[in-house]
Amino acid sequence: MARMDSFVEYTVELLEKLGPVQARRMFGGWGLYFGGRMFGLIGDGQLYLKTDEVSRPEFQAAGCRPFVWEGGGQRIEMSYWTPPADASDDAYALLPWARRGVDAATRAALKKAPKKKAAAKKTPAEPAKKTAAPRKATKTPAKKAPAQKPSATKKPAAKKTSTARKAKPSSRRR
């Protein structure tokens, strides 16, 4: 496992009130996981928490900033936002924001899950009935292969005879 830097260790300690949080190295930053779902990330020494259409307005109202990824000449705003400034050093103030991040990660997973479950629960389809029109019987004579005439140079095959004699079972007992 990659060694955590001091900011990652400090953030994981702040999030202890949430429950068992794991930090995993990823793409030059760290992913924060709770219950197997990524709910936060740490990049450039800043904590970002997962948001969605439900929780994003609360983050915006609190003056939080989104995580912006810049690459390939593009600037892409991700669904991770900073917690409010007053919550960055206080475990109790950070806890409700971290829960919002976990809830957003859970909702995102549930949106994906029904598609997989629906495919798994599908009952096998009944075999399709053939709807092709019945074939009409035609009375065309079948073509016969032309008969081969034996060549004059070939001799008829001779009967094979076996020269091996069958062994008689021994009547002697040992």
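Above this text is the structure in question.
Residues numbered from 1 in each chain as written. Predicted model: local features only at pLDDT ≥ 70, side-chain atom pairs only at ≥ 80, totals over all residues. Heavy atoms only, no water.

Student: In this structure, what is going on with the environment of Val-54? I would like to understand it.
Tutor: Looking at the secondary structure, you find Val-54 in the loop between strand S4 (46-50) and helix H2 (56-61). Judged by its relative accessible area of 47%, Val-54 is partly exposed. When the C-alpha atoms of Val-54 and Arg-107 are compared, they prove to be 9.5 Å apart, with 53 residues separating the residues in sequence. (Helix = DSSP H or I, 4+ residues; strand = E, 2+ residues; numbered from the N terminus. Buried < 20%, exposed > 50% of the residue type's maximum accessible area, 1.4 Å probe, protein only.)

Student: I would appreciate a short explanation of the nonpolar core in the present structure.
Tutor: Inside soluble globular proteins, nonpolar side chains tend to come together where they are buried. Leu-15, Leu-18, Leu-32, Phe-39, Leu-49 and Leu-94 are the most contacted members of the largest nonpolar core, which has 24 residues in total. Broken down by secondary-structure element, the contributors of at least two residues to this core are helix H1 (6-14), strand S1 (21-26), strand S2 (29-34), strand S3 (37-43), S4 and helix H3 (91-121). Here the element with the most residues in this core is H3; it accounts for 7 residues. (Core = buried A, V, L, I, M, F, W, Y, C linked by side-chain atoms within 4.5 Å.)

Student: Would you mind showing me how to read the side chain of Lys-50 here?
Tutor: By the secondary structure assignment, Lys-50 is in strand S4. One buried charged residue, Lys-50, remains without a salt bridge, the closest side chain of opposite sign being Asp-52 at 7.6 Å. A polar side-chain atom of Lys-50 sits 3.1 Å from a polar atom in the side chain of Ser-79. Not counting the four nearest positions on each side in its chain, Lys-50 is found in contact with Met-38, Phe-39, Gly-40, Ser-55, Ser-79, Tyr-80, Arg-100, Gly-101, Ala-104, Ala-105 and Ala-108. (Lys, Arg positive; Asp, Glu negative; His and termini not counted. Salt bridge = Lys/Arg side-chain N within 4 Å of Asp/Glu carboxyl O. Polar contact = N/O pair within 3.5 Å; in protein donor to acceptor, adjacent residues only side chain to side chain. Contact = heavy atoms within 4.5 Å.)

Student: Just to check I follow, could you spell out unusual backbone geometry for this structure?
Tutor: For residues besides glycine, phi is generally negative; the peptide bonds are generally trans as well. Backbone geometry places Phe-27, a non-glycine residue, at a positive phi of 45°. Here Phe-27 lies in the loop between S1 and S2.

Student: Which parts of the structure should I look at to understand the pattern of salt bridges?
Tutor: Pairing between side chains of opposite charge can happen when their charged atoms approach one another. As enumerated under the stated definition, the model contains 4 salt bridges in all. Between Glu-53 and Lys-111 there is a salt bridge; the shortest N-O distance is 2.8 Å. Residue Glu-53 is found in the loop between S4 and H2, and its partner Lys-111 is found in helix H3; the two are separated by 58 residues along the sequence. One salt bridge in this structure joins Arg-75 and Glu-70, with 2.9 Å as the shortest N-O distance. Across the pair, Glu-70 and Arg-75 agree in class, each one exposed.

Student: Even after reading the chapter, I still don't get the packing of aromatic side chains, so can you show me in this structure?
Tutor: A ring pair, where both rings are aromatic, is described by two values, the distance of the centres and the angle of the planes. Tallied over the entire structure, the rule returns 2 aromatic pairs. Seen from their ring centres, Phe-59 and Trp-97 are 4.9 Å apart, and the 70° between their planes marks the pair as edge-to-face. Here Phe-59, found in helix H2, pairs with Trp-97, found in helix H3; they are 38 residues apart in sequence, far enough to count as distant. Like Trp-97, Phe-59 is buried. Here the basic side chain of Arg-24 rests over the ring of Tyr-33, its NZ or CZ set 4.2 Å away from the ring centre. A cation over an aromatic ring shows up here: Arg-100 above the ring of Trp-97, its NZ or CZ 4.2 Å from the ring centre. (Phe/Tyr/Trp six-rings, centres within 6.5 Å; stacked < 30°, edge-to-face > 60°. Lys NZ or Arg CZ within 6 Å of the ring centre and 35° of its normal.)

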